[in-house]
Amino acid sequence: LLATAGCGSSKPSSSGGEQYSKEKPLVIKFSHVTTADSPKGKAADKFKELMEQKTGGKVKVETYPSSQLYGDKDELENLQLGNVQIIAPSVTKLVGLNPQFQIVDMPFLFKNREAVIKFWDGELGNKLMNSLDSKNIKGIAMWENGFKHFTSNKPIAKPEDFKGQKFRTQAGKVLEAQFKALGAGAATIPFGETYTALQQKTVDGQENTFNNMDTQKYAEVQKYLLTSEHGRLDYVVLVNKQWYDKLPQDIKTAFDAAMKEATEFERKLAVELDKKSFENLKNSKKLEIINLTPEAREKFVKQMESVYNEFEKVVGKDLIDGVKKL
Ligand code: LMR
């Protein structure tokens with residue numbers, strides 16, 4: 001769905017920032033799906049603090065965590081319509097706009113965090129983000145979460161264990177193919193509905209970062225965790241492009257500076273919380289943690305090779321080869 005113009009109460013005119021004041025501030029809505037104490041949630045609040053400080057109250061940022069305002073099903077559309085100005089979906093959720101975003105889901109592709117940072121801060125990531133311009137969406141920054149791991153109510157130590165199980169996915173055909181390669185089924189379920197889906201056994205398992213599992217309390221509804229690091233879950237901070245392009249210059253300058261600081265804050269925090277959440281999951285004593293051995297890893301890699309055969313064209317060989325070189 002394409003919006004032709006930004007609309008809503010916070011639409012600025014091009015006459016400059018003077019029209020906004022403490023009494024009549026520009027209101028910016030920032031909506032996301034994780035909890036307020038996740039790295040994304042804390043960084044959204046950090047951005048709010050910085051932005052309000054830098055503009056002396058001429059801008060008011062409202063943050064909406066936990067899918068309170070919009071969730072997986074409607075946040076992109078409402079960003080395009082200008083009903084919300086900032087969102088930060090996981091990269092995978094942009095598959096409908098450009099299937100190449102599924103690069104993050106190619107099994108075992110990114111070898112470490114450094115490669116992820118290099119990708120997003122370099123030419124490849126930039127090009128991918130800029131592909132959204134024509135959809136009235138501007139990619140502003142990459143915010144981290146971490147590597148994904150599998151959990152289930154049933155054993156998942158080796159590829160054969162996955163056979164016949166059903167897993168929740170965020171979106172997209174690559175994730176579906178990943179589970180198919182393991183003989184498992186997949187269902188796309190919004191983040192806000194996943195805990196219930198696991199609890200009610202609509203699905204047996206899911207894949208996510210330590211912090212998402214921790215803040216969503218998946219230990220309460222899952223038995224096994226395999227530390228697989230098989231894919232990445234990070235975010236792209238997105239704004240409505242027409243809205244952003246029309247911001248008065250002083251506000252745009254403050255926006256860019258606040259976003260840069262919030263991004264540094266977020267990335268550092270994500271690394272810390274990834275470790276802390278893994279400890280929390282271990283300490284919960286509710287999950288059996290299975291460490292992926294190099295031998296088991298080899299087996300998973302081999303079993304998932306078919307995903308590369310099937311999706312090399314869709315995701316792009318250049319992009320895949322580019323990541324391998326990082
Ligand atoms: C998920 O749906 O599992 C994640 O994308 C949620 C998030 O925003 O981290």
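Check the entry above for the structure.
Notes on the structure follow. Owing to the predicted nature of the structure, the values given are computational and were not obtained by experimental measurement. (Residues numbered from 1 in each chain as written. Predicted model: local features only at pLDDT ≥ 70, side-chain atom pairs only at ≥ 80, totals over all residues. Heavy atoms only, no water.)

1. Brief notes about the overall build of the protein chain
If you tally the helices and strands in the protein chain, you get twelve helices and nine strands. Relative to its length of 326 residues, the protein chain is compact, with a C-alpha radius of gyration of 20 Å against a globular reference of 20 Å. A burial count over the protein chain gives 56% of its 326 residues as buried. Relative to all contacts within the protein chain whose residues are 6 or more apart in sequence, the contacts with residues 24 or more apart total 76%. Of the accessible surface of the protein chain, which amounts to about 14,200 Å², a share of 50% is contributed by carbon and sulfur atoms. Across the protein chain, the 49 positively charged side chains and the 44 negatively charged ones have centroids separated by 1 Å. (Helix = DSSP H or I, 4+ residues; strand = E, 2+ residues; numbered from the N terminus. Rg over C-alpha atoms; globule rule 2.2 N^0.38 Å. Buried < 20%, exposed > 50% of the residue type's maximum accessible area, 1.4 Å probe, protein only. Contact = heavy atoms within 4.5 Å. Areas by Shrake-Rupley, 256 points an atom, 1.4 Å probe, with all protein chains shown as cover. Lys, Arg positive; Asp, Glu negative; His and termini not counted. Charge placed at Lys NZ, Arg CZ, Asp CG, Glu CD.)

2. Observations concerning helix α6 (residues 191-199)
Residues of α6 that are buried: Phe191, Thr194, Ala197 and Leu198. The buried residues of α6 occupy an angular sector of 90 degrees when projected down its axis, which confines them to one face. Immediately beyond the C-terminal end of α6, within one or two residues, lies lysine 201, with a positive phi of roughly 60 degrees. (Arc of directions from axis to C-beta.)

3. Side note on the side chain of asparagine 136
Inspection of the secondary structure puts asparagine 136 in the loop between α4 (123-130) and β4 (137-152). Classification of asparagine 136 by relative accessible area gives buried; the value is 7%. Within the structure, the side chain of asparagine 136 is placed 3.3 Å from the backbone oxygen of glutamine 80, a separation counted as a polar contact. (Polar contact = N/O pair within 3.5 Å; in protein donor to acceptor, adjacent residues only side chain to side chain.)

4. Here's the deal with the side chain of aspartate 214
Looking at the secondary structure, you find aspartate 214 in helix α7 (residues 210-215). Of the side chains with opposite charge, lysine 276 lies nearest to the buried aspartate 214, which makes no salt bridge, at 6.4 Å. (Salt bridge = Lys/Arg side-chain N within 4 Å of Asp/Glu carboxyl O.)

5. As for the site of the ligand
Taken together, the neighbourhood of the ligand is formed by Val33, Thr34, Lys40, Ser90, Lys93, Arg168, Gln170, Phe191, Asn208, Asn212, Leu233 and Tyr235. Note that an oxygen atom of the ligand is positioned 2.6 Å from one of the side-chain N or O atoms of glutamine 170. One nitrogen or oxygen atom from the side chain of asparagine 208 is found 2.8 Å from an oxygen atom belonging to the ligand. For the ligand, the accessible surface in isolation is 270 Å², of which the surrounding protein chains cover 100%. (Near = heavy atom within 4 Å.)

6. Overview of the packing of helix α5 (residues 173-181) against helix α11 (residues 305-315)
Put simply, α5 and α11 touch, their axes get as near as 9 Å, and they point 170 degrees apart. Here α11 runs roughly antiparallel to α5, going by the angle between their axes. The element α5 and its partner α11 pack so that their crossing is right-handed. Contacts between α5 and α11 involve Lys173, Val174, Ala177, Gln178 and Ala181 on the former and, on the latter, Ser306, Val307, Glu310, Phe311 and Val315. Considered class by class, the residues forming the contact of α5 with α11 number six nonpolar, two polar and two charged. (Axes fitted to C-alpha atoms, helices over the stretch in contact; angles between N-to-C directions. Parallel < 35°, antiparallel > 145°, perpendicular 65-115°, else oblique. Left-handed = near helix turned anticlockwise from the far one by under 90°. Nonpolar A, V, L, I, M, F, W, Y, C, P; charged D, E, K, R; others polar.)

7. Regarding the packing of aromatic side chains
A complete count under the given rule lists 15 aromatic pairs for this structure. Centroid distance phenylalanine 119 to tryptophan 120: 5.0 Å. Interplanar angle 90 degrees. Geometry classified as edge-to-face. When sorted by exposure, phenylalanine 119 lands in the same class as tryptophan 120, which is buried. Residues phenylalanine 167 and phenylalanine 179 carry aromatic rings whose centres are separated by 4.6 Å and whose planes lie at 10 degrees to one another, so their mutual orientation is stacked. Of this pair, phenylalanine 167 sits in strand β5 (residues 166-169) while phenylalanine 179 sits in helix α5, and the two are twelve residues apart along the sequence. Exposure class is identical for phenylalanine 167 and phenylalanine 179. Each is buried. Ring pairing ties together the aromatic residues Phe30, Phe47, Trp143, Trp243, Tyr244 and Phe255, which thus form one cluster. (Phe/Tyr/Trp six-rings, centres within 6.5 Å; stacked < 30°, edge-to-face > 60°.)

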